[in-house]
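The chain contents come next:
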Amino acid sequence: MDNKRIYLSLAQESGYEKKYIQRALKSNWITSGGPNVDEFEDELQDYFKNNKIVTASNSGTSAIHLALILLGVKTGDEVICQSMTFAASVNPVLYQNAYPIFVDSEIDTWNICPENLEIAIKDRIKKGKKPKAIIAVHLYGMPYKIDEVHSIADKYGIPIIEDSAEALGSSYKGKKCGSFGTFGILSFNGNKIITTSSGGALISSSKNIKEKAIFYATQSKDSAVDYQHSEIGYNYRMSNICAGIGLGQIKVLEENIHLRRDNHLFYIEIFKDIKNARLFNNPNDIFFSNYWLNTILLETKEERENLRLALDEANIESRPLWKPMHLQPIFEKYPYYGSKIAEELFEKGLCLPSGSNLTDADKCRIKEVIINFFK
Ligand SMILES: *Cc1c(COP(=O)(O)O)cnc(C)c1O
């Protein structure tokens with residue numbers, strides 16, 4: 001039997017990409033920005049509707065950085081961030097010499113806990129500084145508790161950056177993730193729902209903001225013929241070649257989401273009779289996850305590690321959940337509000353192969369290892 005490695009989530013070509021890449025090469029738009037970028041942005045805007053304005057960037061991380069700059073986050077400002085996430089959610093806070101404040105998760109969505117969010121906001125205000133922004137994340141594609149989190153943010157007048165890097169195609173009460181925050185961000189990294197090889201997008205609500213985002217993303221050139229700059233600039237615009245890949249990929253976006261959700265049905269079937277592991281599901285039908293990654297919670301850290309090793313032995317990749325930011329050497333000195341939910345998820349949680357290119361043969365191999373492990 002073919003025993004090649006099965007990965008968590010890999011990029012896959014749709015077959016439509018070459019046409020757009022060749023178009024870029026032939027027309028000599030081999031640079032950042034250009035017709036493919038414009039068209040890719042238009043298609044994303046059609047996808048989001050609700051008058052959302054999309055600015056394509058060279059990564060999800062740079063899109064988050066642009067959002068912070070546009071919100072005026074500066075040296076010494078405080079920015080609240082969900083602790084349970086990938087480091088890219090919060091690194092841009094440090095790029096701005098700002099100060100991250102971490103908040104625990106809650107158990108239904110594994111995302112930012114509304115109660116601890118409000119405790120954190122109140123305490124920071126009491127200590128003298130109102131946070132400048134909140135970075136909330138739809139982890140593994142699962143929407144965070146949008147009504148609760150946004151009503152707290154509104155109460156204190158704090159804008160939200162909605163990190164939708166993993167949640168393209170997820171929705172909450174029928175509305176697409178990425179379209180709720182003052183800013184939404186997407187990632188088109190190779191492991192995400194669709195890829196541009198590397199890329200991202202900033203979702204906002206106004207053309208003026210987009211203009212400003214492009215200004216910062218293209219070296220902050222003043223409108224003068226000679227090279228004049230009055231503000232710090234960045235090289236963050238998406239390349240026209242990458243956007244060509246994106247145009248080929250967006251054709252299979254719905255299909256990819258469908259395949260990811262099919263993988264979830266496959267895991268439901270496996271885990272329905274297993275008592276020692278719980279598959280992470282939508283808490284109720286308000287939430288619609290794209291199931292970017294399927295994740296389970298085991299009873300103990302040891303069991304989690306043993307299952308990981310058993311899968312690895314069969315050449316199947318699985319990984320612990322993201323290590324919470326407040327436990328990271330680079331971030332542990334910053335304040336943290338909450339208890340041990342994120343830590344417990346990190347200890348007992350495991351991500352399983354979930355790519356849209358999992359074959360039936362792959363699924364057989366995965367199922368066999370898991371069923372044998374729990375026997
Ligand atoms: C992937 C990811 C990012 C960063 O996106 P890049 O395109 O890789 O820079 C940010 N936040 C989360 C939660 C991610 O998973």
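Please read these numbers as outputs of a predicted model, since none were measured by experiment.

Enquirer: Just checking my understanding: could you explain the overall build of the chain for this structure?
Expert: Each helix and strand in the chain was counted, giving 12 helices and 15 strands. What you see for the chain is a C-alpha radius of gyration of 21 Å, in line with the 21 Å of a compact globule of 375 residues. By principal-axis analysis of the C-alpha atoms, the chain measures approximately 70 × 60 × 35 Å. The contacts of the chain with a sequence gap of at least 6 include a subset with a gap of at least 24, amounting to 73%.

Enquirer: What exactly am I supposed to notice about the domain arrangement of the chain here?
Expert: Note on interface size: it is often stated as the accessible area lost on association of the parts. Assigned domains of the chain: these are domain 1 (17-251) and domain 2 (253-374). Of note, the centres of domain 1 and domain 2, computed from C-alpha atoms alone, are 25 Å apart. Buried surface at the junction of domain 1 and domain 2, summed over both partners, amounts to about 4,000 Å²; 68% is from carbon and sulfur atoms. The interface formed by domain 1 and domain 2 holds zero salt bridges in total. In this assembly, domain 1 and domain 2 are joined by 24 residue pairs in polar contact (both at pLDDT 80 or more). At the level of secondary structure, the elements contributing two or more residues to the side of domain 1 that touches domain 2 comprise α4 (91-95), β3 (99-103), α5 (114-126), β6 (171-172) and α8 (240-250). The class makeup of the residues in the side of domain 1 that touches domain 2 is 26 nonpolar, 12 polar and 11 charged.

Enquirer: Help me understand unusual backbone geometry, please; the structure alone is not making it clear to me.
Expert: Only a minority of non-glycine residues have a phi that is not negative, and only a minority of peptide bonds are not trans. At Asn-28, a residue that is not glycine, the phi angle is positive and equals roughly 65°. A positive phi angle is found at Asn-50, which is not glycine, with a value near 45°. Here Asn-50 lies in the loop between α2 (35-48) and β1 (53-57).

Enquirer: Mind showing me how you'd approach the pairing of β1 here?
Expert: Two faces make up the sheet, and in a regular strand the side chains alternate between them. Of all five residues making up β1, five are buried, and the element is well covered by its neighbours. Alternating residues of β1 divide into Ile-53, Thr-55 and Ser-57 and Val-54 and Ala-56, and every residue in both groups is buried. In the sheet, β1 pairs with strand β9 (residues 200-204) via five bridges, with the strands oriented antiparallel. Paired with Ser-57 across the bridge in β9 is Gly-200.

Enquirer: Teacher, can you tell me more about the packing of aromatic side chains here?
Expert: Any two aromatic rings considered together are summarised by their centre-to-centre distance and by the angle between their planes. One pass over the full model with this rule turns up 17 aromatic pairs. Here Tyr-140 and Trp-292 contribute two aromatic rings whose centre-to-centre distance is 6.5 Å and whose plane-to-plane angle is 10°, an arrangement assigned as stacked. Of this pair, Tyr-140 sits in the loop between β4 (133-137) and α6 (146-156) while Trp-292 sits in the loop between β11 (287-288) and β12 (294-298), and the two are 152 residues apart along the sequence. Overall, Trp-292 belongs to the buried group, its relative accessible area being 2%. Measuring from centroid to centroid gives 6.2 Å for Tyr-140 and Trp-322, while their planes differ by 10°, and the two rings are stacked. Here Tyr-140 is found in the loop between β4 and α6, whereas its partner Trp-322 is found in the loop between β13 (319-320) and β14 (336-337), with 182 residues between them in sequence. On the basis of relative accessible area, Tyr-140 is assigned to the buried category, the value being 2%. Taken together, the ring pairs connect Phe-266, Tyr-267, Phe-271, Phe-373 and Phe-374 into an aromatic cluster. A cation sits over an aromatic face here: Lys-175 above Phe-180, 4.6 Å from the ring centre. Between the NZ or CZ atom of Arg-261 and the centre of the ring of Phe-288, over which it lies, the distance is 3.8 Å.

The rules we used
- Residues numbered from 1 in each chain as written.
- Predicted model: local features only at pLDDT ≥ 70, side-chain atom pairs only at ≥ 80, totals over all residues.
- Heavy atoms only, no water.
- Helix = DSSP H or I, 4+ residues; strand = E, 2+ residues; numbered from the N terminus.
- Rg over C-alpha atoms; globule rule 2.2 N^0.38 Å.
- Contact = heavy atoms within 4.5 Å.
- Domains from an automatic or database assignment.
- Buried area = accessible area lost by both parts, 1.4 Å probe.
- Salt bridge = Lys/Arg side-chain N within 4 Å of Asp/Glu carboxyl O.
- Polar contact = N/O pair within 3.5 Å; in protein donor to acceptor, adjacent residues only side chain to side chain.
- Nonpolar A, V, L, I, M, F, W, Y, C, P; charged D, E, K, R; others polar.
- Buried < 20%, exposed > 50% of the residue type's maximum accessible area, 1.4 Å probe, protein only.
- Pairing = 2+ DSSP bridges.
- Phe/Tyr/Trp six-rings, centres within 6.5 Å; stacked < 30°, edge-to-face > 60°.
- Lys NZ or Arg CZ within 6 Å of the ring centre and 35° of its normal.

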